[in-house]
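# Commentary on secondary and tertiary structure
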Amino acid sequence: MEQKKFRLRLNLFDGIVLVLALAVGAFLLWNAMKPRLPEEAVPAATSSVRYTVRLQKCIPGTSELIREGDQVADNIKNYVVGKVAAVEAVPCRRRVMDEENLRKVWAETDQFEDILLTLESPCQITDSAIVLDGGYELRVGSTAYLRGLGYMGAGPVVAIEEVAK
């Protein structure tokens, strides 16, 4: 009897697939075996921040529902954004058309009230952002959608200040 020798016959496609599979395997093995460099974590400055949000077009009397010390949360992602430090009701200002001078002007209305809501929260301050303790990224001019016990509103962040400890 004649013994048949094993003969591996590869065409071009099989060769390319085999080379790619070996390259991926070698890369994964190298990536798993290489020593990890220690990560130099730059600690972010932990501080406390006080910021003001202008809740716009609220129903008159809403400001009376807000109490100092209430915990306020983001209405979209349920982040805790801080505790109420101060509340102030101001007249609602809207842009209307001045038809005599053909330009837009600010006018006050009695149908709504704006609420200047000052909140205080622990935060981490980095070079690029202020991140509140609950994970909410804070920026002046960004719209905040807030809710508390018995009220909710939306409006821009108008001021941010760091509170010294």
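Here we summarise the structure given alongside this text. Just so you know, the residues in each chain are numbered from 1, in the order the chain's sequence is written. Owing to the predicted nature of the model, reporting of local features is limited to residues with pLDDT of at least 70; listing and counting of side-chain atom pairs is limited to 80 or more, with chain, interface and lining totals taken over all residues. Neither water nor hydrogens contribute to the side-chain values; these are computed over all heavy atoms in the structure.

## Describing the overall build of the protein chain
Going along the chain from the N terminus, every DSSP run of H or I of four or more residues is numbered as a helix, and every run of E of two or more is numbered as a strand. Each helix and strand counted, the protein chain has one helix and eight strands in total. Seen in sequence order, the protein chain has helices and strands lined up from the N terminus as α-β-β-β-β-β-β-β-β. Against the 2.2 N^0.38 benchmark of 15 Å for 165 residues, the protein chain shows a C-alpha radius of gyration of 30 Å, more extended than a compact globule. Note on exposure labels: buried denotes an accessible area under 20% of the residue type's maximum, exposed denotes more than 50%, and partly exposed covers the range between, all computed with a 1.4 Å probe on protein chains only. Counting the 165 residues in the protein chain, one finds 25% classified as buried. Contact between two residues is taken to exist if any of their heavy atoms lie within 4.5 Å; hydrogens are not considered. Counting only contacts in the protein chain whose residues sit at least 6 apart along the sequence, the fraction spanning at least 24 positions is 64%. Put simply, the radius of gyration uses C-alpha atoms, and a globule should come to 2.2 Å times the residue count raised to 0.38.

## Here's the deal with the pattern of salt bridges
We define a salt bridge as a contact between a side-chain nitrogen of Lys or Arg and a carboxyl oxygen of Asp or Glu at a distance within 4 Å. Counted by the stated rule, this structure contains three salt bridges. Between Arg50 and Glu120 there is a salt bridge, and its shortest N-O distance comes to 2.5 Å. One end of the pair, Arg50, is in strand β1 (residues 45-58); the other, Glu120, is in strand β4 (residues 103-125), and 70 residues separate them in sequence. Note that Arg54 is salt-bridged to Asp114, the shortest N-O span being 2.9 Å. With Arg54 in strand β1 and Asp114 in strand β4, the pair connects residues that are 60 residues apart, well separated along the chain. Like Arg54, the residue Asp114 is buried in the burial classification.

## Digging into the nonpolar core
Ranked by internal contacts, the top residues of the largest apolar core, which has 21 residues, are Tyr51, Val81, Leu119, Leu132, Leu138 and Leu146. Every element with two or more residues in this core is listed here: β1, β3 (80-98), β4, β5 (130-132), β7 (143-148) and β8 (151-163). Dropping the residues within four chain positions of it, Val81 is found in contact with Tyr51, Val72, Ala73, Asp74, Leu119, Ser121, Leu132, Tyr136 and Leu146. As used here, the term nonpolar core means buried Ala, Val, Leu, Ile, Met, Phe, Trp, Tyr and Cys residues forming a set that is joined through side-chain atoms within 4.5 Å.

## Describing unusual backbone geometry
One non-glycine residue, Lys57, adopts positive backbone phi at about 55°. Mapped onto the fold, Lys57 is located in strand β1. A relative accessible area of 48% places Lys57 in the partly exposed class. With a phi angle near 60°, Asn78 is a residue other than glycine that sits in the positive phi range. Checked against the element boundaries, Asn78 lands in the loop between β2 (71-74) and β3. Residue class for Asn78 comes out exposed when judged on its relative accessible area of 51%.

## Digging into the packing of aromatic side chains
Stacked, tilted and edge-to-face pairs are distinguished by plane angle, under 30 degrees for stacked and over 60 for edge-to-face with tilted covering the rest, among Phe, Tyr and Trp rings (Trp via its six-membered ring) whose centres lie within 6.5 Å. Scanning the entire structure with this criterion turns up two aromatic pairs. With 6.0 Å between their ring centres and 40° between their planes, Phe27 and Trp30 make a pair best called tilted. Linking Phe27 with Trp30, this pair stays in helix α1 (residues 12-33), spanning three residues, or about one helical turn. Residue Phe27 is classed as partly exposed on the basis of its relative accessible area, which comes to 46%. The interplanar angle of 70° and the centroid separation of 6.4 Å between the aromatic rings of Tyr79 and Tyr136 together place this pair among those described as edge-to-face. Of this pair, Tyr79 sits in the loop between β2 and β3 while Tyr136 sits in the loop between β5 and β6 (137-138), placing them 57 residues apart in sequence.

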